[in-house]
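Observations on the three-dimensional arrangement
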Amino acid sequence: MESILNSNIDIRIEKKLPDFSLSVDLTLPGSGITALFGVSGSGKTTLLRCIAGLEKAESAMIRFSGIWWQHEEKFIPTAERRLGYIFQEPSLFPHLTVKENLAFGQKKKDSAAIQTESVRLGIEHLLTRYPSSLSGGERQRVAIARTLLSRPSVLLMDEPLAALDYQRKQEILPYLKHLKEQLNIPIIYVSHAIDEVIQLADHLVLLEKGKVLADGQLIKLLAIPDIASKLGQKNKTIFSAKIVEHCHTSALTKIKIDELSLWVPLLANEIGQKISCRLCTNHIHLSAMPDAVFNLNQWPMKLAKILPSNLAGFELLELQHGKTCLYTNMTSQIISQADMRIGMQLWVTIPQVEIVSSLSD
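Residues numbered from 1 in each chain as written. Predicted model: local features only at pLDDT ≥ 70, side-chain atom pairs only at ≥ 80, totals over all residues. Heavy atoms only, no water.

1. A short note on the layout of surface pockets
Convention followed: Here a cavity denotes grid points, spaced 1 Å and computed from the protein atoms alone, that fit a 1.4 Å probe unable to get out, and a pocket denotes an open set having protein on both sides within 12 Å along at least 5 of 7 lines; residues with an atom within 4 Å of a point are the lining. Grid points are joined across faces, edges and corners, and a volume is the space filled by probe spheres set on the points. By definition, any uninterrupted DSSP run of H or I lasting at least four residues is a helix, any uninterrupted run of E lasting at least two residues is a strand, and each is numbered from the N terminus. Just so you know the grouping, Ala, Val, Leu, Ile, Met, Phe, Trp, Tyr, Cys and Pro go in nonpolar, Asp, Glu, Lys and Arg go in charged, and all remaining residues, Gly too, go in polar.
What the largest pocket holds in volume is close to 640 Å³. What lines the largest pocket is a set of 20 residues, and nearest its centre among them are Asp202, Ile219, Ile238, Phe239 and Ser240. Broken down by secondary-structure element, the contributors of at least two residues to the lining of the largest pocket are α5 (166-182), α6 (194-200), α7 (218-222), β12 (236-247) and β19 (324-331). A breakdown of the residues in the lining of the largest pocket according to their chemical character gives 9 nonpolar, 5 polar and 6 charged. Estimates place the volume of the second largest pocket at around 410 Å³. Looking at the second largest pocket, it is lined by 18 residues, and the ones nearest its centre are Gly84, Tyr85, Arg146, Thr147 and Ser150. Only β7 (83-86) and α4 (136-148) provide two or more residues apiece to the lining of the second largest pocket. When its residues are assigned to classes, the lining of the second largest pocket shows 9 nonpolar, 7 polar and 2 charged.

2. What about the pairing of strand β14 (residues 260-265)?
Operational definition: A strand pair is defined by DSSP finding two or more bridges across the two strands.
In this structure, strand β13 (residues 252-257) lies alongside β14, joined through 6 bridges in antiparallel fashion. Residue pairing in the sheet places Lys254 in a bridge with Trp263 of β14. What sits between the antiparallel neighbours β13 and β14 is a turn of 2 residues, in which Asp258 has the positive phi angle 55°.

3. Notes on the environment of Asp158
Test applied: To sort residues, take the accessible area from a 1.4 Å probe on protein chains only and compare it with the maximum for the residue type: under 20% means buried, over 50% means exposed, and anything in between is partly exposed. Contacts: residue pairs with any heavy atoms within 4.5 Å of one another.
Along the chain, the position of Asp158 falls in strand β8 (residues 154-158). With a relative accessible area of 8%, Asp158 lands in the buried category. Along the sequence, Asp158 and Ile86 sit 72 residues apart, while their C-alpha atoms lie 6.1 Å from each other. Those residues in contact with Asp158 that sit more than four places away from it in its chain are Thr45, Leu48, Tyr85, Ile86, Phe87, Gln88 and Val190.

Below you can see the structure in the form of structure tokens.
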């Protein structure tokens, strides 16, 4: 699928709802997964439907990749917006096989494209079957493949896992993760399940009663105490890692996050398998020199930024090593006493690592 350059999505919407007004002013990134998160009834789906043109608002300005979808008197119909929309229910045609359902999503029948998307979503062995013989997760994967065959420039997903049980969700999550890595298009993902958001999202928009409470990179927002609290988290940062070594004598497994390594309790995962792990930033320790006693999980990191924190008396530190960023809050007093400055190297000791999930390659 072709890459869409400079494809930010600008959204300004005012819409009256029965219990509150949806009022948003956002610029969403043109790549990766942006999660619209909030409790049921916070305005997530209404916002998504407005972006798609399925609902109109009293006042709306929506622009994608420099093209106005809606502005003042202008309104581009949904069918002309080059977007794909995944609903909670797959809505497949029951009288058609999986392959025939996939072909229905194409303007021109292309068997090679059907094969490509079937392999991408792991449904190539289902092509001759009918929807009634598929599990909920399989039907949803077919629906996603059918949508991708329409070659959308934006993919909108409205709680695609909400109707699935835990086991089916775990089956489909790796495929959604791969979509982000393989497709160079923005994906907007609606969910009220924080575990899904943590495993999938790069960017987060937190909604409450139609208002935006937070908007930004997920890992940065997780480092802000009051935002993390609303997300049901406690200052935790999520990383994608790979299994690189097992040491059975010490019952430890070595994982790598980009160029950095961590030892965790022995895992059953195979060497090379990808996992998602979570670090609690409350538990990390910063020092100017490496710890000679506890030296198992220590990272040399540069203090890249000192950012304002909305927690009184604290500031947010951005630490970097190559492509890896870590955020942690620290009191202004300690930063001053330790004479911490932008560019200085610090040693980060990480005593606790939580494995969130396994991700198939």
